[in-house]
Amino acid sequence: MLELRPTCENCNRALPPDSLQARICTYECTFCATCVDSILQNVCPNCGGGFVPRPIRPSRNWKGDNFLGKDLPSYVIRHRPVDADAHRRFSEPIKTIPPYRR
Ligand SMILES: [Zn+2]
Ligand SMILES: [Zn+2]
């Protein structure tokens, strides 16, 4: 099950479960759209992969208890601000490769 992390790892802005600004990589590294587009340039600082919008877990119990009320979001904040210079060096050779070919 996807871990719905509460904030952007870089800027610590709140990313509640229904946020349309949340972006995740395949390891669930979670950032806001602003950080992904500006500082990160769609390169995850932890794995080098790209980001996609985080899916919204239903808030209502439409079927089989598969909803937010039973499967709660995470409250564990992972605030690990990115070193902009280090990320520039890291992402330089990666960012021009489309995520599906990395
Ligand atoms: Zn952010
Ligand atoms: Zn990642």
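As a reminder, the structure under discussion sits directly above these lines.
All of these numbers come straight from a predicted model, not from anything done at the bench.

1. A look at the side chain of Thr7
Assignment of secondary structure puts Thr7 in the segment before β1 (22–24). Judged by relative accessible area, Thr7 falls into the buried class, the value being 9%.

2. Considering the pattern of salt bridges
Enumeration over the complete set of coordinates arrives at six salt bridges. Here Arg88 and Asp85 are joined by a salt bridge, their closest N and O atoms 2.7 Å apart. Taken together, the positions of Arg88 and Asp85, both in helix α2 (residues 84–91) and three residues apart, correspond to about one turn of that helix. A relative accessible area of 48% places Arg88 in the partly exposed class. Classification of Asp85 as partly exposed rests on a relative accessible area of 42%. One salt-bridge network, held together by shared partners, links Glu3, Arg5 and Arg78.

Analysis parameters
- Residues numbered from 1 in each chain as written.
- Chains lettered and ligands numbered in written order.
- Predicted model: local features only at pLDDT ≥ 70, side-chain atom pairs only at ≥ 80, totals over all residues.
- Heavy atoms only, no water.
- Helix = DSSP H or I, 4+ residues; strand = E, 2+ residues; numbered from the N terminus.
- Buried < 20%, exposed > 50% of the residue type's maximum accessible area, 1.4 Å probe, protein only.
- Salt bridge = Lys/Arg side-chain N within 4 Å of Asp/Glu carboxyl O.

Keep in mind that these numbers describe shape and distance, not what the molecule does.
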